[in-house]
Structure formats: structure tokens, C-alpha cells
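Okay, here's what each chain looks like letter by letter:
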Amino acid sequence: MSSVQLSGAGVAAVAFNNNNNLRQSQTSALRVGSSRRLARSLVVKAATVVTPKYTSLKPLGDRVLVKLGVAEEKTMGGILLPSSAQSKPQGGEIVAVGGGRTIGDKKVEVSIPTGSQVVYSKYAGTEVEYNNSKHLIMKEDDIIGILESDDIKDLKPLNDRVLIKVAEASDKTDGGLILTETTKEKPSIGTVVAVGPGRLDDEGTRQPLLVSAGSTVLYSKYAGGEFKGADGTNYIVLKASDVIAELS
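Going along each chain's sequence as written, the residues are numbered from 1 onward. The predicted nature of this model means local features are confined to residues of pLDDT at least 70 and side-chain atom pairs, given and counted, to a pLDDT of 80 or more, with totals for whole chains, interfaces and linings taken over all residues. Only hydrogens and water are set aside; all other atoms, that is, all heavy atoms of the structure, feed into the side-chain values.

Draft legend 1. Expanded view of the pairing of strand E9 (residues 143-147). Relative accessibility under 20% of the residue-type maximum defines a buried residue, over 50% an exposed one, and the middle range a partly exposed one, all with a 1.4 Å probe and only protein chains included. Think of it this way: any DSSP run of H or I at least four residues long counts as a helix, any run of E at least two long counts as a strand, and we number them from the N terminus. Where burial is concerned, most of E9 is hidden: four out of the five residues are buried. When DSSP finds two or more bridges between two strands, those strands count as paired. One ladder, built from three bridges, connects E9 with strand E10 (residues 155-157); its direction is antiparallel. Across the sheet, the residue bridging to Gly-145 is Pro-157, located in E10.

Below, the structure written as C-alpha cells:
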């Protein structure tokens, strides 16, 4: 019977291969585990579905129920968008309001009447599916303003928010070089179009804002939410505290 003898180098090679295979297996297992954990972390929570047996949904406190608008299915040029690329709507109709809240000794009612068309903060609220339609339940303070037409320029800001028409970005550098849309410096100057009634203080009294419509202002560069008017004009809605200075 023949026998096979392994030299020291051969044993070391076998041991190295075995250990390397083990490490590869462990690495593969680690990658699979990490991928599973990553997949779990990327799961998007669906809207809570309110079954038909419930015929009423009443928000509590200073919350409101907003029936969502429809996401745009086409670009302005008429190109159909896949569902993943459709812009998430930031507008809807107030269909129910809560009973308000108490600040100090004062009861403060929700100031937005049902039936109002509103614009709200982009990531606000809890999504629910009710009466076969998508809705959001959110705090009244998450409502940016009331739309009085289909154009953002007619927005009526709420609380301490300010609607600003953004100044146009320069098309050229100081040296005369033409800038593309992606290289233009983002402006942080604009004209105040409308202001809200002011925030509520600790006693439930409105505090008027320090800025007024018609003022040219400087504001924090990355504050607020940006919108585009029907004629392509850029607007921004932000809190009055994000207005840094008034220019004249």
C-alpha cells in the first residue's frame, strides 16, 4: 500500500487554504447578514389602512387631516414619469381638524377651516389610507400656508412663516463667463411677498413678525422649502427666524 507524505510546506499550504476558505465563508456570511440588515433598514413603511368599518376619523388636539393631492405623472415637457420618479405632493385639502390646544390659560382653536387647500412641510405627518384615498395626519404647525389659487405666489403663509420671491441668479461670473444652471450660485436674497400672522407666545397671543411684504431681505441659504410658480418664478417659504437682514 502506498502512502502519501506531506512536507512541512505542504501542510502549511493546506492549513492556509483551509483557513482562507474559512475566512471566505465567514466573510460571505457576514456580507449576507449585513445585506439582510441593510434590506431590513431600507424597508419603506406603507400607509396605515383604515378599514371600511370605521366611518369617521377625527384628529385630536391641534392636528389636522389632509387629503393628499395627486402626484404629477408627467414633466412640464409631457414626459411620463415612473412612480418612483413622481414628485411627492406637498399639497392637499383639509378634511377634518382637531379641537385645538391649551396654551397657558387660553384655549387656542385650529385656525385652518375644513375645505382649505393647503401646502405642508415635505416630510410632515403620518400617512393613512382612509376612504380609499391617501391622507396625512399632522400638526397644524406643519401647514406652511393656505393656497388661495393654483399658483404658489398666492399662498397665504401661516404662523411665523414668510413667502419670498427669490432673486434671479446671475448668468455670468464677474469675469464674464457664462454659468450653467448647475453652476449658478444659489441666491439667498429675495422680496417678501406675504407674511403670516406671527407665532403664538406662551400665553397664546400672536406676536407680529418684524418683516413685512415688499421688503428685500437676506435669508439663511439652506432654510425653508422651495417652490416654482406657474410662470417659472422661484419662491421660498421659510420661518421668520431664518430671515437674517433687511436690505435697502
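Draft legend 2. Main features of the sheet that holds strand E6 (residues 117-120). With mixed pairing, eight strands are arranged side by side in an open sheet as E1-E7-E8-E2-E3-E6-E9-E10. Only two strands of the sheet have a single partner each, and these edge strands are strand E1 (48-49) and E10. Pairing of E6 with E9 involves three bridges; the strand directions are antiparallel. Bridge assignment links Tyr-120 to a residue of E9, and that residue is Ile-143.

Draft legend 3. Highlighting the nonpolar core. In this structure, Val-64, Val-66, Ile-94, Ile-112, Met-138 and Ile-143 are the most contacted members of the largest nonpolar core, which totals 15 residues. Broken down by secondary-structure element, the contributors of at least two residues to this core are strand E2 (63-68), strand E3 (91-97), E6, strand E8 (133-139) and E9. Once residues within four sequence positions are removed from consideration, Ile-112 is found in contact with Ile-94, Val-97, Val-118, Glu-140, Ile-143, Ile-146 and Leu-158. Residues Val-162, Val-217, Tyr-219 and Leu-238 belong to the second largest nonpolar core, which totals 13 residues. We define the nonpolar core as a collection of buried residues of types Ala, Val, Leu, Ile, Met, Phe, Trp, Tyr and Cys that are connected through side-chain atoms lying within 4.5 Å of one another. Pairs of residues are marked as contacts when any of their non-hydrogen atoms sit within 4.5 Å.

Draft legend 4. Up close: the pattern of salt bridges. Any Lys or Arg side-chain nitrogen found within 4 Å of a carboxyl oxygen on Asp or Glu counts as a salt bridge. Evaluated as defined, the whole model comprises six salt bridges. One salt bridge in this structure joins Arg-101 and Asp-62, with 3.7 Å as the shortest N-O distance. Separated by 39 residues along the polypeptide, Arg-101 in strand E4 (residues 101-103) and Asp-62 in the loop between E1 and E2 bring together distant segments of the chain. Notably, a salt bridge pairs Asp-154 with Lys-153, separated by 3.3 Å at the nearest N-O pair. According to the relative accessible area criterion, Lys-153 is partly exposed, its value standing at 37%. Ionic contacts of the salt-bridge type, sharing partners, join the residues Asp-62, Arg-101 and Lys-139 into one network.

Draft legend 5. Seen up close, the confidence of the model for the protein chain. pLDDT is a residue-level measure of predictor confidence that goes from 0 to 100. For the protein chain, per-residue confidence averages 77 on the pLDDT scale, and residues scoring 70 or more make up 66% of the total. Scored below 50 in pLDDT, residues 38-44 makes zero contacts in the model with residues more than four places away or belonging to other chains. Segment residues 73-78 is flagged for pLDDT under 50; beyond a separation of four residues in sequence, or across chains, it makes eight contacts in the model.

Draft legend 6. Quick look at the environment of Thr-48. Its place among the elements puts Thr-48 in strand E1. Sequence separation between Thr-48 and Glu-129 is 81 residues, and the spatial gap between their C-alpha atoms is 6.0 Å. Setting aside residues up to four positions removed in sequence, Thr-48 forms contacts with Glu-127, Val-128 and Glu-129.

Draft legend 7. Region of interest: the side chain of Ser-215. Inspection of the secondary structure assignment puts Ser-215 in the loop between strand E14 (206-207) and strand E15 (216-219). On the accessibility criterion, Ser-215 (7% relative accessible area) is buried. Setting aside residues up to four positions removed in sequence, Ser-215 forms contacts with Gly-190, Thr-191, Val-192 and Glu-246.

Draft legend 8. Local environment of the sheet that holds E15. Ordered by their spatial adjacency, six strands build an open sheet running E16-E17-E11-E12-E15-E18, and the pairing between neighbours is antiparallel. Every interior strand has two partners, whereas the edge strands, strand E16 (225-228) and strand E18 (243-247), have only one. With direction set aside, neighbouring strand axes in the sheet form an average angle of 40°. The axes used here are C-alpha line fits, helices contributing only the stretch in contact, and every angle between their N-to-C directions lies in the interval 0 to 180 degrees.

Draft legend 9. Quick peek at the environment of Gly-190. Among the structural elements, Gly-190 can be located in strand E12 (residues 189-195). Overall, the relative accessible area of 2% leaves Gly-190 in the buried class. In the structure, Gly-190 is positioned 27 residues away from Leu-163 in sequence and 9.6 Å away in space, judged by C-alpha atoms. Beyond its immediate stretch of four places on either side in the chain, Gly-190 contacts Ile-164, Lys-165, Val-166, Ala-167, Ser-215, Thr-216, Val-217 and Tyr-219.

Draft legend 10. Geometry of unusual backbone geometry. Although it is not a glycine, Asn-131 sits at a positive phi angle of roughly 55°. Given the relative accessible area of 54%, Asn-131 is considered exposed. Unlike most non-glycine residues, Asn-132 shows phi in positive territory, near 65°. With respect to the element layout, Asn-132 can be found in the loop between strand E7 (126-130) and E8. Judged by relative accessible area, Asn-132 falls into the exposed class, the value being 77%.

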